[in-house]
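# Observations on the model geometry
Here is what each chain is made of, one letter per residue.
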Amino acid sequence: MIKFPKPTVEQFFRSYVISNFTVSPNEDRLLFSSNISGTMNIWAMNLPDQYPYLFAHQDESSNFLKFDPEGRYVLAGFDRDGDENYQIYAVSPEGGLPQPLVTGESEEKYFYSHLSEDGERLYYVTSKDNPSFLNTRVRNLETGKDDLVHEGELGPTPLSAVSEDEKSFVFSTTLANTYSIAFVKTEDGVFDLTPDREKVHVSGGATFVADNTIYFVTNYESEFNYLAKFDLTTKTFDKVLEIENESIEDLKYDKEQEQFYLVTEKGVTDYLYRYDVKNGTLENIDAPVDVIEKVQVAKSGNVYILGRSAVIPHNIFKYNESGWKQITANRVLGVSPEEMVDPEVVTYESFDGMEIEALLFRAKPENDNGHTVFWPHGGPQAAERKFYRAMFQCLLNRGYTIFCPNFRGSTGYGSSFVKLVEQDWGEGPRLDNVYAIEWLFEQGISSPERLFLVGGSYGGYMALLLHGRHPEYFKAVVDIFGVSNLFTFVNSVPDHWKPIMKRWLGDPEKDRERFEKDSPITYLDGMEKPMLVIQGAKDPRVVKEESDQIVDKLRSEGREVEYLVLDDEGHGFSKKENEINVYQTMLQFLEKHQTVSQKV
Ligand SMILES: CSCC[C@H](NC(C)=O)C(=O)N[C@@H](C)C(=O)N[C@@H](CO)C(=O)O
């Protein structure tokens, strides 16, 4: 019979991202933001099962989607070429071209926060007039009247929740990724949701279940986020529910059934639960994916999730008493999950005896080229998890094994572990990476002749630092928008990040010595291996100057550095053409530097 060849790397280039979704109030339509046409746009499906069609054309990423409860419009946020200066647009319910609604100067940000039950008042958070701490305003969509609701102070202070009577407002002030204070502003005054704001903790996910009762998640006096409650009548805080060794990261309320859907994070995997508020019962729901990125509960009680697994790209699923149903059919061109690689979860011991978890994607024997890609993740207060990355499956198809350590500072292992990277970007986490590499050598998985180093953002920073300080471990290095110089980085981040920089990274004056020691640019002499640097010109988080300076300095010393700049991208590659260019350039670079005897 007709025989088909095994999947080629080009097939993995043809998988698409779904970055957000919403379902209409009567569940007759699903909207989602995706690059299925090559650029990010808003697509629609008439439910239950109809073919997707283009709903709104803007050629930009959308950070939120919201249906007017009365069906008169759809709201969406767009930035420009990845600059993350999101502004708010309205789209006709029939779809079309988004119309500017709450917008301003190109460098200003306007984030959607809340829409009143009648769809007439839009609450939003803006950098206008308060770029570091952010202000909350409300716009009457009928009259155009626009009022200040809250002026942020101390740190960026977005609006988190609004009571149904629109008399109480929950805000949260971010002082660090590991420290945010939630408070409620009412006609009676302002009250913190947790007992002591001086104790370092985070609070999030505030939800009014009644005008006087707020549920939220916090890790106040705990390692992991749990469900808590604040009673506005008695002004009391109570712990409601904790799940051992799991951190509740998202909660969505089903008002009709009086139950919460909770997403917890444990290491590299997420879990989904249903919690019944009336009788206090908790039920685990087996999810179809390992990582859940968004949950929406419809009035009917149907639950919609957006998620992915290592071998399943982004898809949207619906859950009810009949079980799960996959709504979107996003798949890798002609490749089944079985033909991809699911990672092993392994652990190794670091320099101080701490146990570090990592993902090991082993190339299939028929593809194996003997080389390994070492991938320190970005963030750094994030983690490498069991989610689909087209880049990983491309590399695996070409025969590379991939190793991803969740070094100290990663999320998913408790708040003490996350804090270990604060004011220590380059010592403890670097040594965790060094011990991971030694472990790979001890296990016979890799050797210095067969190891490549690739990282993005903080991962790019770590790639540069490891390259400069430990070049003997690697054949070649790829830095994707990595921080190269802590002195320049600390001053170039977005304005609303600036209030957290001291706690996160440190003070360039007081910590001068440490900044010097932990800046990759200090170790130019060590950077002797071939390097590829990739950068989005519009990146607002790690600006192009971070890559320019390392490339210029290395080139002036005659080192081998390739430099790929994408003019219309920010902190990531959203346009398919650019993504393919990045993968092809990276694959060619790695191929060029493979150990000759091992090339397949
Ligand atoms: C006002 S908070 C600014 C920091 C930000 N926090 C959140 C909650 O988003 C943050 O940690 N961002 C990182 C995910 C990030 O973009 N880090 C860069 C630079 O290190 C990266 O991707 O590694």
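Residues numbered from 1 in each chain as written. Predicted model: local features only at pLDDT ≥ 70, side-chain atom pairs only at ≥ 80, totals over all residues. Heavy atoms only, no water.

Here we take up the domain arrangement of the chain. Once the domains are mapped, the chain shows domain 1 (15–157 + 242–326) and domain 2 (337–593). When each unit is reduced to the centre of its C-alpha atoms, the spacing between domain 1 and domain 2 is 30 Å. Together, the buried faces of domain 1 and domain 2 total about 2800 Å²; carbon and sulfur atoms form 55% of this surface. The largest share of the area that domain 1 buries against domain 2 comes from Val268, Ala310 and Val311, three residues that together contribute 25% of it. Applying the counting criterion to the domain 1 and domain 2 interface returns four salt bridges. (Domains from an automatic or database assignment. Buried area = accessible area lost by both parts, 1.4 Å probe. Salt bridge = Lys/Arg side-chain N within 4 Å of Asp/Glu carboxyl O.)

By nearness alone, 13 residues border the ligand, and Asn177, Gly379, Ser457, Tyr458 and Arg541 come closest of all. Within the contact set of the ligand, an oxygen atom lies 2.4 Å away from a side-chain nitrogen or oxygen of Ser457. Bound to the protein, the ligand loses 74% of the 570 Å² it would expose on its own. Here the shell around the ligand is built from residues that sort into six nonpolar, six polar and one charged. (Near = heavy atom within 4 Å. Polar contact = N/O pair within 3.5 Å; in protein donor to acceptor, adjacent residues only side chain to side chain. Areas by Shrake-Rupley, 256 points an atom, 1.4 Å probe, with all protein chains shown as cover. Nonpolar A, V, L, I, M, F, W, Y, C, P; charged D, E, K, R; others polar.)

Glancing now at the sheet that holds strand β6 (residues 74–78). One open sheet holds the four strands; their spatial order is β5-β6-β7-β8, and the pairing between them is antiparallel. The open sheet terminates on both sides in strands that have one partner only, identified here as β5 (62–67) and β8 (99–102). Between one strand and the next, the sheet's axes are offset by a mean angle of 30°, whatever the strand orientation. (Pairing = 2+ DSSP bridges. Helix = DSSP H or I, 4+ residues; strand = E, 2+ residues; numbered from the N terminus. Axes fitted to C-alpha atoms, helices over the stretch in contact; angles between N-to-C directions.)

Counting buried residues along strand β33 (residues 451–456), six of its six residues qualify, which places the element largely inside the surrounding structure. Burial of the side chains of β33 extends over both faces: Leu451, Leu453 and Gly455 are buried on one face and Phe452, Val454 and Gly456 on the other. Relative to β33, strand β31 (residues 372–374) is paired through three bridges, and the arrangement is parallel. Across the sheet, residue Thr372 finds its bridge partner in β33, namely Leu451. Summarising the sheet, β33 and strand β34 (residues 476–480) pair through five bridges and their orientation is parallel. The partner of Gly456 across the bridge, within β34, is Ile480. Assessed by its sense of winding, the connection that carries the chain from β33 through helix α5 (residues 458–469) to β34 is right-handed. (Buried < 20%, exposed > 50% of the residue type's maximum accessible area, 1.4 Å probe, protein only. Right-handed = clockwise from strand over helix to strand, strands pointing away.)

Turning to a nonpolar patch on the surface, a few remarks are in order. Residues Met1, Ile2 and Phe4 make up a contiguous nonpolar surface patch of roughly 500 Å² in combined accessible area. Residue position: Ile2 is located in the segment before α1 (9–13). (Patch = residues over 30% accessible without salt bridge, like charges linked within 9 Å, V, L, I, M, F, W, Y side chains within 5 Å.)

This brings us to the pattern of salt bridges. Under the counting rule described, the total for this entry stands at 33 salt bridges. We note a salt bridge from Glu344 to Arg362, for which the minimum N-O separation is 2.8 Å. Here the residue Glu344 occupies a position in strand β29 (residues 344–349), and Arg362 occupies one in the loop between β30 (355–361) and β31, the gap between them amounting to 18 residues. Residue class for Glu344 comes out partly exposed when judged on its relative accessible area of 33%. With a relative accessible area of 40%, Arg362 lands in the partly exposed category.

What follows covers the side chain of Gln549. Structurally, Gln549 can be placed in helix α9 (residues 544–556). By relative accessible area, which is 9% here, Gln549 ends up buried.

Helices that pack against each other are described as a pair by the angle of their axes relative to one another and the distance between those axes. The contact between helix α4 (residues 428–442) and α5 brings their axes to 11 Å, and the two run at 70°. With respect to α5, the element α4 is oriented roughly perpendicular. Contact residues: α4 offers Pro429, Arg430, Asn433 and Val434, while α5 offers Tyr458, Met462, Leu465, Leu466 and Arg469. A per-class count over the contact of α4 with α5 returns six nonpolar, one polar and two charged. (Parallel < 35°, antiparallel > 145°, perpendicular 65-115°, else oblique. Contact = heavy atoms within 4.5 Å.)

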